[in-house]
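A closer look at the structure
Spelled out from the first residue to the last, the chains are:
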Amino acid sequence: MINTRLKFLAIVIATSFLHIVVYKEYFSILLIDTLILLLVVVFFRDAITFYKDKISITFYFLLFIMSFHNILMIGSIPFFIKEGLQSVELIFFYNIIRKFTSTKQSANKIIHYIFILSSVLFGIILIYVFIEGLHGGQLKKVSLPNVTAPLLALSFFYNKNYIFSKKFREIVFLVSIIAVYFGLLSLSRTFAMVLFLIMLSSLMYKSKIIAFSVKIAFIALFVLLLTTYSAKYENNISVIVNHITSDTAFGHDQYIELNTLKTTISNRQRINQLKYIYMVLNNNILLGKGNGEASSNANLHGILPTILVDYGVFIFILFIVLLWFVYQLSKKNILLYGSPDDYAMHYYFIYSLVFLLFVGNGIFPILPFIISMAFIASKRNNPASFGGH
């Protein structure tokens, strides 16, 4: 019975990688929304097990403050009810994961199930890609980077994990290599950033000497780039700063004014969005513009800039504090225990951070963070059960 429950949870988590809309009329409902609701109904007793550690309390308080902000700034009761129910749903989802990952055995099984399911999804998407003859940027339309990034992070669970056979670990390595190849082939900057940060992080956890060397190397590289290219791109920087800080009202098509910059249209649109952020913070730095304003007025990409614009600097800082708490605990788990699930969830957390920075808005991009936070925070209740091998 317990294995069935763990598999159901793994299915829900694996499905969260896919942005599948099942209803879009007055508001959007994703497939993952439906599955989380079903999960809460089935495991309601586990969902109402509230945790009281620093991370959990900060998370609950953040969602409460955001709901209160919605009443204050928007004043729409139906909208408040919708957002409030979604916040409760996320809390229940977090609590269920915490409950089911409270022992090493169950946590390991869930991670393994998620990896297997993700590999199957990856295979299905690849078959579709080959049938349709998709390539390059088209691969992003079929959620390929959304599957390859967590697949890469979770593959570290099998590194030196000797409860699995050598042959199986070699298959996992092959799957991760193929995932990296197609992730890069998709031309996704999000996937490229995830890959870079995971590589950097894995180097820094090898030893204190390597970690120190990597930090020094990056500081030196940053100084070199700053001194070498600041003069070369001085004109471009001036154009960007003037565009962002000008008194001209924000407009979606203003990225055309940046056509002197030798960069893609997508990058010029993102620079133009910075103008909207600057404009909002100049006038509404404490409370922001209200939920939904960032997506409707500027189509901002990324949860973090969206929170800053919609909710203001106080809630934004609270969210950053929560991220810091999770990062610190994840780092502590690696240093104290260093078990395969510690590394897998640390890299999964890195993947979730990149998603928060660069991917859309709504519930979809925040789910990887909630999942990684729940796994990482579980060790506060029962650290002895997560000892290294």
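Refer to the structure presented above.
What counts and what doesn't
- Residues numbered from 1 in each chain as written.
- Predicted model: local features only at pLDDT ≥ 70, side-chain atom pairs only at ≥ 80, totals over all residues.
- Heavy atoms only, no water.
- Salt bridge = Lys/Arg side-chain N within 4 Å of Asp/Glu carboxyl O.
- Helix = DSSP H or I, 4+ residues; strand = E, 2+ residues; numbered from the N terminus.
- Buried < 20%, exposed > 50% of the residue type's maximum accessible area, 1.4 Å probe, protein only.
- Phe/Tyr/Trp six-rings, centres within 6.5 Å; stacked < 30°, edge-to-face > 60°.
- Lys NZ or Arg CZ within 6 Å of the ring centre and 35° of its normal.
- Expected span 1.5 Å × (residues − 1).
- Core = buried A, V, L, I, M, F, W, Y, C linked by side-chain atoms within 4.5 Å.
- Contact = heavy atoms within 4.5 Å.
- Axes fitted to C-alpha atoms, helices over the stretch in contact; angles between N-to-C directions.
- Parallel < 35°, antiparallel > 145°, perpendicular 65-115°, else oblique.
- Left-handed = near helix turned anticlockwise from the far one by under 90°.
- Nonpolar A, V, L, I, M, F, W, Y, C, P; charged D, E, K, R; others polar.
- Patch = residues over 30% accessible without salt bridge, like charges linked within 9 Å, V, L, I, M, F, W, Y side chains within 5 Å.
- Areas by Shrake-Rupley, 256 points an atom, 1.4 Å probe, with all protein chains shown as cover.
- Polar contact = N/O pair within 3.5 Å; in protein donor to acceptor, adjacent residues only side chain to side chain.

Notes on the pattern of salt bridges
Counting across every chain of the model gives two salt bridges. The residue arginine 98 makes a salt bridge to aspartate 53 at a minimum N-O spacing of 3.1 Å. Pair noted here: arginine 98 is in helix 5 (residues 77–100) and aspartate 53 is in the loop between helix 3 (44–47) and helix 4 (54–73), with a separation of 45 residues, a long-range link. Take arginine 98 and aspartate 53: they sit in the same class, and that class is buried.

Quick notes on the packing of aromatic side chains
What the rule picks out here adds up to 24 aromatic pairs. With 6.3 Å between their ring centres and 45 degrees between their planes, phenylalanine 59 and tyrosine 60 make a pair best called tilted. Overall, phenylalanine 59 belongs to the buried group, its relative accessible area being 3%. A relative accessible area of 16% places tyrosine 60 in the buried class. Relative to tyrosine 94, the ring of tyrosine 60 lies with its centre 6.4 Å away and its plane at 85 degrees, an arrangement referred to as edge-to-face. You can see tyrosine 60 sitting in helix 4 and its partner tyrosine 94 sitting in helix 5, a full 34 residues away along the chain. Connected via pairs of aromatic rings, a cluster forms that spans Phe44, Phe50, Phe59, Tyr60, Phe92 and Tyr94. Against the face of phenylalanine 325 rests lysine 54, its NZ or CZ located 4.4 Å from the ring centre. Lying over the aromatic face of tyrosine 51, arginine 98 brings its terminal NZ or CZ to 4.2 Å of the ring centre.

Focus on helix 7 (residues 144–155)
For helix 7, with twelve residues, the first-to-last C-alpha span of 16 Å sits near the 16 Å given by 1.5 Å per residue. Within helix 7, twelve of the twelve residues are buried, which leaves the element mostly enclosed by the surrounding structure. Within the span of helix 7, buried status applies to Leu144, Pro145, Asn146, Val147, Thr148, Ala149, Pro150, Leu151, Leu152, Ala153, Leu154 and Ser155.

Some words on the nonpolar core
Grouped together as the largest cluster of nonpolar side chains are 93 residues, with contacts concentrated most on Ile13 and Phe93. Sequence-distant contacts of isoleucine 13, defined by excluding residues within four places in its chain, comprise Phe93, Ile97, Ile110, Ile114, Tyr348, Ile371 and Phe375. In terms of nonpolar packing, the next biggest core, distinct from the first, is built from five residues, Tyr276, Ile277, Leu308 and Val309 among them.

Thoughts on the packing of helix 6 (residues 104–132) against helix 8 (residues 166–185)
In a packed pair of helices, the relevant descriptors are the angle between the two axes and the axis-to-axis distance. Viewed as axis vectors pointing N to C, helix 6 and helix 8 meet at an angle of 45 degrees, and their least axial separation amounts to 12 Å. Classified by the angle their axes make, helix 6 and helix 8 are oblique. The crossing of helix 6 and helix 8 is left-handed. Note on element contacts: helix 8 touches helix 6 through Phe168, Val172, Val175, Ile178, Ala179 and Phe182, opposite His112, Phe115, Ile116, Ser119, Phe122, Leu126 and Phe130. Partitioning the contact of helix 6 with helix 8 into residue classes produces eleven nonpolar, two polar and no charged.

What to know about a nonpolar patch on the surface
Residues Phe61, Phe64, Phe68, Leu72, Met73, Ile285, Leu286, Leu287 and Phe314 make up a contiguous nonpolar surface patch of about 910 Å² in total accessible area. Of all the elements, helix 4 adds the most residues to the nonpolar patch, at five residues. Among the secondary structure elements, leucine 287 is positioned in the loop between helix 12 (265–284) and helix 13 (293–297).

So, helix 15 (residues 313–336)
Here helix 15 spans 34 Å end to end across 24 residues, near enough to the 34 Å set by a 1.5 Å rise per residue. Positive phi shows up at glycine 338, right after helix 15, with a value of about 60 degrees.

Remarks on the side chain of serine 378
Structurally, the position occupied by serine 378 is in the segment after helix 17 (367–377). Accessibility expressed as a relative area gives 1% for serine 378, which makes it buried. A distance of 2.5 Å separates the side chain of serine 378 from the side chain of threonine 101, its partner in a polar contact. Discounting residues that sit within four places of it in the chain, serine 378 has contacts with Ile97, Arg98 and Thr101.

Regarding unusual backbone geometry
Of note, lysine 160 is a non-glycine position whose phi angle comes to about 60 degrees, a positive value. For lysine 160, the position within the fold is in the loop between helix 7 and helix 8.

Some words on the environment of arginine 45
Tracing the backbone shows arginine 45 in helix 3. On a C-alpha basis, the gap between arginine 45 and phenylalanine 92 in space is 9.8 Å, while along the polypeptide they are 47 residues apart.

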